[in-house]
Amino acid sequence: MKIKWIFFDVGSTLVDETKVYESRFAKIAEAAGVSADYVAEQALEFYKQNRKGDKEILKKLNVKLPKWESEYEELYPDTENILKELHEKYKIGIIANQDFGTADRLQNFGILKYIDLVVASAEEGVAKPDIRIFDIALERAGVKPEETFMIGDRVDNDIVPAKKIGMRTMWIRQGFGGLWKIESDDELPDFIADDIPEIAAILDRYENSKSLLETTLNTRDLGDYIGGNGKPLRLRQLIRSDRQAYPNGRDLEFLRSNGITTIIDMRTPDDISGKPSAFSTIDGFDYFNFPIQEGSQVPESVEAVPGSYMIIAGSPSLKDIFNKMAEAESGVMFNCSAGKDRTGVVSAIILMLCGVSEDDIVSDYMLSKEYNKERFKMAAIHHPDLDINIIIPRESYIRDFMRLFKKKYGSVEDYFECIGISKENVEKIRNKMIS
């Protein structure tokens, strides 16, 4: 879906509020008879707990909230340049909890000329996280939620409600809002930016995504390579993918028009119970769940990754998966969660069967590193104790897997025989792909 509008929050998104908070903490400290450093440190701890630090410290010290001194606000250094760049491609809107006169303040900052719509809580009589303020903005812009991005620093005020109504979301980790700890899937944004310049880079990646489906990050065709006979493999026969949650109309049309109507989901029952596949209930698609339990956990170390791929290759479910691929009369799309490990192993085995070069198999595997950049960011936030290097693809992971695979099985044909796939079905899989 082409993005038409980009909506921004204001405070700690476009406008740096650091000096306002410094002044506020100093006034709270003076009223309470404590040091400003103490107030700032205590407030910071509250923010890290997903609580409003300035409000909580007031309760703790039993003092009144000083007025907001907007005269100390200033633009982030890159705000104007990014708005100017984005305005050449998109309409720009504001959805913000702000006092009366928000447009005038943006004018004083010199950025109103890049903004097509301002929706502020004081003027509307409704504030975030109430979804009504988002509905107001979308109605005035004349745009569908899925044609928009909401960008803000507050997970609770910006990300959760915007996500709820179908907007794409980007969390910019600036200010105190950037300290928020993600605690549920409802809070997960689609993308994360660590500064303003990164916003443009993320939007560019999104607009130029090569994923075959709009609603996934990592859906690709195994037919993009040259087979052992020197000819291109056949397209639209076997499609590798990450999880497909709720495909939109264009995705469904793409799959149906290309005859890709058999869906093989390799996720575990626990994965599926929390994040079911819509294809299990969509008419016209044959959905099968063959769980590979062996690839659902993160390996213990970087060194353990190739061995974990061998364990995936030995999963009892692989017999069902390859037999279903062979027997399906339609094109097949197969997936795990990120389309990286379980899907990567299955893809490598199929490409080896078709005589694709080792370098091309490595290239296919490594594309998951590029396509899953946002997922890796999420993982670092969701699992701060995880060694992120374990889950980010490396060439050595798949090369070492193929070395171990050949050492154990000898050939791909011998592997299929070992797991109980008939020669007839092996040829059916090969013939699906070989021109």
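Residues numbered from 1 in each chain as written. Predicted model: local features only at pLDDT ≥ 70, side-chain atom pairs only at ≥ 80, totals over all residues. Heavy atoms only, no water.

Visitor: Requested: an account of the environment of A127, with residues and values cited.
Guide: For A127, the position within the fold is in the loop between α6 (121–124) and α7 (131–141). Each C-alpha atom, one on A127 and one on R256, is 42 Å from the other, the two residues being 129 residues apart in sequence. In contact with A127, other than residues within four places in its own chain, are N97, S121 and I133. (Helix = DSSP H or I, 4+ residues; strand = E, 2+ residues; numbered from the N terminus. Contact = heavy atoms within 4.5 Å.)

Visitor: Run through unusual backbone geometry, naming residues and quoting values.
Guide: Cis geometry marks the peptide bond from K128 to P129; its omega dihedral reads 15 degrees. Structurally, P129 can be placed in the loop between α6 and α7. A positive phi angle, close to 65 degrees, is found at N50, a residue other than glycine. For N50, a relative accessible area of 15% gives the class buried. Residue R236 is not a glycine yet carries a positive backbone phi of 65 degrees. (Buried < 20%, exposed > 50% of the residue type's maximum accessible area, 1.4 Å probe, protein only.)

Visitor: Any chance you could break down the side chain of E187 for me, citing the residues and the numbers?
Guide: The topology assignment puts E187 in the loop between β7 (168–172) and β8 (191–193). A polar contact is formed between the side chain of E187 and the side chain of W180, at a distance of 3.3 Å. A polar side-chain atom of E187 sits 2.7 Å from the main-chain amide nitrogen of E183. What E187 contacts, discounting residues up to four positions off in sequence, is V155, I159, V160, W180, K181 and I182. (Polar contact = N/O pair within 3.5 Å; in protein donor to acceptor, adjacent residues only side chain to side chain.)

Visitor: Quick one: what's the story with the packing of helix α9 (residues 196–207) against helix α16 (residues 373–382), residue by residue and with numbers?
Guide: Following both chains from N to C, one finds α9 and α16 inclined at 130 degrees, their axes separated by 11 Å at the closest point. The angle between the axes of α9 and α16 places the two elements in the oblique class. On α16, the residues that touch E198, I202 and R205 of α9 are K373, E374 and K377. Considered class by class, the residues forming the contact of α9 with α16 number one nonpolar, no polar and five charged. (Axes fitted to C-alpha atoms, helices over the stretch in contact; angles between N-to-C directions. Parallel < 35°, antiparallel > 145°, perpendicular 65-115°, else oblique. Nonpolar A, V, L, I, M, F, W, Y, C, P; charged D, E, K, R; others polar.)

Visitor: Could you give an account of the sheet that holds β7, with specific residues and numbers?
Guide: Taken together, the six strands give an open sheet; going across it, the order is β5-β4-β1-β6-β7-β8, and neighbouring strands pair in parallel fashion. Here the strands that pair on one side only, and so sit at the sheet edges, are β5 (117–120) and β8. Direction aside, neighbouring strands of the sheet carry axes that sit 20 degrees apart on average. Where helix α8 (residues 155–164) meets the sheet, it contacts β6 (148–152) and β7, and its direction lies at approximately 165 degrees from that of β7. Together, β1 (5–8), β6, β7 and β8 form the strand contacts of α9, whose direction differs from that of β8 by roughly 150 degrees. (Pairing = 2+ DSSP bridges.)

Visitor: Could you give an account of the environment of E395, with specific residues and numbers?
Guide: The topology assignment puts E395 in helix α17 (residues 395–409). Along the primary structure E395 and V362 are separated by 33 residues, whereas in three dimensions their C-alpha atoms are 6.2 Å apart. Once you skip the residues sitting within four places of it in the chain, E395 turns out to touch V362 and M366.

Visitor: Now, about the sheet that holds strand β9 (residues 220–221): what can you tell me, with residues and values included?
Guide: The strand order β9-β10-β13-β11-β12 describes an open sheet built from five strands, whose pairing is mixed. Only two strands of the sheet have a single partner each, and these edge strands are β9 and β12 (286–289). Of the strand pairs in this sheet, β9 and strand β10 (residues 238–241) are connected by two bridges, and their pairing is antiparallel. Counted as the bridge partner of R220 is R240 from β10. In the packing of helix α13 (residues 317–327) onto the sheet, contacts are made with β10, β11 (260–265), β12 and β13 (331–335), and the angle to β11 comes to roughly 175 degrees.

Visitor: Account for α17, naming residues and giving values.
Guide: The end-to-end C-alpha distance of α17, which contains 15 residues, comes to 21 Å, matching closely the 21 Å that a straight helix rising 1.5 Å per residue would cover. Where the residues of α17 are buried, they touch α12 (305–313), α14 (342–353), α15 (358–371) and α18 (412–419). A positive phi of about 85 degrees marks G410, the residue just after α17. (Expected span 1.5 Å × (residues − 1).)

Visitor: Describe the pattern of salt bridges, and please don't skip the residues or the numbers.
Guide: This model, assessed by the stated rule, comprises 34 salt bridges. Measuring nitrogen to oxygen at the nearest pair gives 3.3 Å for the salt bridge that ties E413 to R430. Residue E413 is located in helix α18, and its partner R430 is located in helix α19 (residues 423–433); the two are separated by 17 residues in the primary sequence. Residue classification places R430 among the buried positions, given a relative accessible area of 18%. Connected through salt bridges with shared partners, the residues E358, D359, E395, R399 and K406 form a single ionic network. (Salt bridge = Lys/Arg side-chain N within 4 Å of Asp/Glu carboxyl O.)

Honestly, that's just the spatial picture; any functional story needs more than this.
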